[in-house]
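Next come the chains, spelled out residue by residue.
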Amino acid sequence: MKRKYFATGLAAVLALSLAACGGSRSSSGASSVSSVATASSSASTSGSSGTSSESVGTATSSSAANSTGANSGWDTDAEHEGDLNIAVILKTTSSEVGHYLQIGAEDYSKAHPNVHVDVTGASSETSYDEQMNMIESAVSSGQYDAIVLDPLQADAAATVLKNSPIPVVSFDTEVGAEVTACHVGVGNEEAAKAGGEAAVKAAKAAGWDDIRCIEIAGVQGDPTNEARMKGYREGVNGAGGTYEDDEIQYADAVADKAVNCMEGLMSRNPDGVAIVCANNDDMAIAAAKAASGNEAYKNTIFLGFDGMKSAAEVIVNGTVQNYLSVACDWNGMTYTAVDAAVRAVNGENLPEFVASSYEIMDKSNAESRKELMESYLANAN
């Protein structure tokens, strides 16, 4: 069955050019070898589930504003005779991103009625024991044919999964090639680097001469957080700004803590900062709203990560000025991860890494992104 998930009714939305990250796996969850095409050339990597290639990406091209595109390491969905039960374990079900990830997995089940998905997730991104109990139960219960996992603690998850009797596919955050059949995810480091570069360009356009960047980070030690942090640093510094390592604040990926961090940041930097970046949109939006009314921060560029509907809305509505986000194909990520799990059950030889696409969302494409997210939510109801 052809994967039509991203195409249905969205041709106009997806008329923008695509950008994807690809490459071999690394411990950070980022691609160690990747290519993003420029406006004058295109890069593509192809792969098949029946090959032993290390990575699979999507054929892409890009313009000034990249666009989310279909996340596929193969052209067709897997076919399986008989019923399958797959446990899909998210980091958390309490976030907007978690909702999109859930929809992606459930859409696969709708397209393949014989593939049943059981989607669960922890109550927060620091509820480590809660998620570990879910993983242990999925391994030992005998109810599932495969596990699709986005781990909060990759090392702990790997310890439990190393003797798993059923295939495991990771997404978003890697568990480790020694215990998983495949990993599906955005190259967090590469995508964040692109975001950092775009933020410096925007800061220059906004009139900043001293382009300092301070990050409000997620959960300290989390591999995805660390990969994004590294990417922001490389992107900002490489584009002529200064990423302030001594100013990093950790907010555990939640908005209320990000507000506290932003208030402290403004107190320490009364003359303003060119860029404030965050590990996700929840924190970046909260920080931007906390800075609202502070004249020194009226031209600050706020950079988030995820590309949520709420982030698109603050750009479209003008609620937050100078907002950018690294927007990922969350729905396609879990759709593809579940398909990879079906292939693993079928005994197919999978690539180690399947690259998921991303875009830099700004005023030029926020309306299209908003419509795209709304279409997912509408189809889920």
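Because the structure is a prediction, the values reported are computed rather than measured.

Peer 1: Sorry if this is basic, but what is going on with the layout of surface pockets here?
Peer 2: In this structure, the second largest pocket encloses a volume near 340 Å³. For the second largest pocket, the lining is made up of 24 residues, of which Thr92, Ser95, Val97, Glu125 and Asn280 are closest to its centre. At the level of secondary structure, the elements contributing two or more residues to the lining of the second largest pocket comprise strand 2 (84-92), helix 1 (96-111) and helix 5 (223-238). Here the residues of the lining of the second largest pocket are counted per class, giving 7 nonpolar, 8 polar and 9 charged.

Peer 1: How should I be thinking about helix 4 (residues 188-205) in this particular structure?
Peer 2: Each full turn of the α-helix corresponds to 3.6 residues, which orients residues three or four apart in the same direction. Compared with an ideal rise of 1.5 Å per residue, which puts 18 residues at 26 Å, helix 4 spans 26 Å between its outermost C-alpha atoms and is within 8% of the ideal. Considered for burial, the residues of helix 4 that qualify are Asn188, Glu189, Glu190, Ala191, Ala192, Ala194, Gly195, Gly196, Ala199, Val200 and Ala203. Among the structural elements, helix 5, strand 10 (275-278), strand 11 (301-306), strand 12 (323-328) and strand 14 (358-361) are those in contact with the buried residues of helix 4. Count one or two residues on from helix 4 and you reach glycine 207, which has phi positive near 100°.

Peer 1: I tried to follow the side chain of asparagine 225 on my own but got confused; where do I start?
Peer 2: For asparagine 225, the location among the structural elements is in helix 5. Of the residues examined, asparagine 225 reaches a relative accessible area of 0% and is grouped as buried. At 2.7 Å, the side chain of asparagine 225 and the backbone nitrogen of glycine 218 are in polar contact. Sequence-distant contacts of asparagine 225, that is, excluding residues within four places in its chain, are made with Ala217, Gly218, Val219, Tyr250 and Asn279.

Peer 1: Mind showing me how you'd approach the pattern of salt bridges here?
Peer 2: Between side chains of opposite charge, a pair can form as their charged atoms come close. Under the criterion given, the structure shown has 15 salt bridges. Put simply, aspartate 306 and arginine 228 hold a salt bridge, and the shortest N to O gap is 3.9 Å. Placement of aspartate 306 in strand 11 and of arginine 228 in helix 5 is noted, with a sequence separation of 78 residues between them. The class for aspartate 306 is buried, based on a relative accessible area of 7%. Look at arginine 228 and you get buried, because its relative accessible area is 4%. Across the pair aspartate 339 and arginine 343 runs a salt bridge whose closest N-O atoms are separated by 2.8 Å. Taken together, the residues aspartate 339 and arginine 343, both in helix 9 (residues 330-345) and 4 residues apart, mark about one turn of the helix. A relative accessible area of 1% means that aspartate 339 is categorised as buried. Look at the salt bridges and you will find they share partners, linking Lys91, Asp150 and Asp172 into a network.

Peer 1: Any chance you could explain the pairing of strand 10 here in plain terms?
Peer 2: Side-chain direction in a regular strand flips from residue to residue, so the side chains alternate between the two faces of the sheet. Taking every second residue as pointing to the same face, both faces of strand 10 are buried, with Ile275 and Cys277 on one and Val276 and Ala278 on the other. Bridge count between strand 7 (residues 212-217) and strand 10: 4 bridges; the pairing is parallel. Along strand 10, the bridge assignment pairs isoleucine 214 with valine 276. As for the winding sense of the linkage, the β-α-β connection from strand 10 through helix 7 (residues 281-291) to strand 11 is right-handed.

Peer 1: It is not clear to me how the packing of aromatic side chains should be interpreted in this structure. Could you clarify?
Peer 2: Two aromatic rings are characterised by how far apart their centres lie and by the angle between their planes. All told, the structure shown has 1 aromatic pair when counted by the stated rule. Between the aromatic rings of tyrosine 108 and tyrosine 335, the centroid separation amounts to 5.0 Å while the plane-to-plane angle is 70°, which identifies the pairing as edge-to-face. In this pair, tyrosine 108 sits in helix 1 while tyrosine 335 sits in helix 9, placing the two residues 227 residues apart along the sequence. Take tyrosine 335: its relative accessible area is 2%, and that puts it in the buried class. The ring of phenylalanine 305 has arginine 228 lying over it, and the distance from NZ or CZ to the ring centre is 3.8 Å.

Peer 1: When you look at the pairing of strand 12 in this model, what are you seeing that I'm missing?
Peer 2: The element strand 12 is largely enclosed, with a buried count of 6 among its 6 residues. Neither face of strand 12 is exposed, since Tyr323, Ser325 and Ala327 on one face and Leu324, Val326 and Cys328 on the opposite face are all buried. Pairing of strand 11 with strand 12, which is carried by 5 bridges, proceeds in the parallel orientation. Within strand 12, the position partnered with glycine 304 by the bridge is serine 325. One crossover worth recording links strand 11 to the parallel strand 12 by way of helix 8 (residues 309-316), and it is right-handed. Relative to strand 14, strand 12 runs antiparallel, the two being bridged by 4 bridges. Across the sheet, residue serine 325 finds its bridge partner in strand 14, namely methionine 361.

Peer 1: In this structure, what is going on with unusual backbone geometry? I would like to understand it.
Peer 2: Phi is mostly negative for residues that are not glycine, and the peptide bonds are mostly trans. Phi is positive for alanine 253, which is not a glycine, with a value near 65°. Within the element layout of this structure, alanine 253 appears in the loop between strand 9 (249-250) and helix 6 (255-268). Using a relative accessible area of 8% as the deciding quantity, one classes alanine 253 as buried. The backbone of aspartate 306 shows a phi angle near 140°, a positive value even though the residue is not glycine.

Peer 1: Explain helix 5 to me, please; I cannot follow it from the model alone.
Peer 2: Taking 1.5 Å of rise per residue, the 16 residues of helix 5 would be expected to cover 22 Å, and the 22 Å separating its terminal C-alpha atoms lies within 8% of that figure. Of all the residues in helix 5, the buried ones are Thr224, Asn225, Ala227, Arg228, Met229, Gly231, Tyr232, Gly235 and Val236. The N-capping residue of helix 5, defined by a side-chain oxygen 3.2 Å from the backbone nitrogen of threonine 224, is aspartate 222. A positive backbone phi angle near 105° is found at glycine 240, which sits one or two residues after helix 5.

Procedures and definitions
- Note that residues are indexed from 1 along each chain, following the sequence as it is written.
- Whole-chain, interface and lining totals are the exception, using all residues; otherwise, since this is a predicted model, local features are given only for residues with pLDDT of at least 70 and side-chain atom pairs are given and counted only at 80 or more.
- Note that water and hydrogens are dropped before the side-chain values are worked out from all heavy atoms of the structure.
- Method remark: on a 1 Å grid restricted to protein atoms, a set of points is classed as a cavity if a 1.4 Å probe fits but cannot get out and as a pocket if it is open with protein on both sides within 12 Å along at least five of seven lines; lining residues have an atom within 4 Å of a point.
- Grid points are joined across faces, edges and corners, and a volume is the space filled by probe spheres set on the points.
- Each helix corresponds to a stretch of at least 4 residues labelled H or I by DSSP, and each strand to a stretch of at least 2 residues labelled E; elements are numbered beginning at the N terminus.
- Just so you know the grouping, Ala, Val, Leu, Ile, Met, Phe, Trp, Tyr, Cys and Pro go in nonpolar, Asp, Glu, Lys and Arg go in charged, and all remaining residues, Gly too, go in polar.
- The span you would expect from a helix comes to 1.5 Å times its residue count less one.
- Exposed residues in this analysis have more than 50% of their type's maximum accessible area, buried residues have under 20%, and partly exposed residues fall in between, with area computed by a 1.4 Å probe over protein chains only.
- By definition, residues are in contact when any of their heavy atoms lie within 4.5 Å.
- Any pair of N or O atoms that falls within 3.5 Å is considered a polar contact. Within protein, one atom must be able to donate a hydrogen and the other to accept it, and sequence-neighbouring residues count only if both atoms are side-chain atoms.
- Salt bridges are defined as contacts in which a side-chain nitrogen from Lys or Arg sits within 4 Å of a carboxyl oxygen from Asp or Glu.
- DSSP-based pairing: two strands are paired if at least 2 bridges between them are found.
- Convention used here: a crossover is right-handed provided that the path from the first strand, over the helix, to the second strand proceeds clockwise when the strands point away from the viewer.
- Working definition: rings of Phe, Tyr and Trp (its six-membered ring) pair if their centres are within 6.5 Å, and the pair is stacked with planes under 30 degrees apart, edge-to-face with planes over 60 apart, and tilted otherwise.
- Two conditions define a charge located above a ring, namely a distance within 6 Å from the ring centre to NZ of Lys or CZ of Arg, and an angle within 35 degrees of the ring normal.

Nothing here speaks to function; it is geometry throughout.
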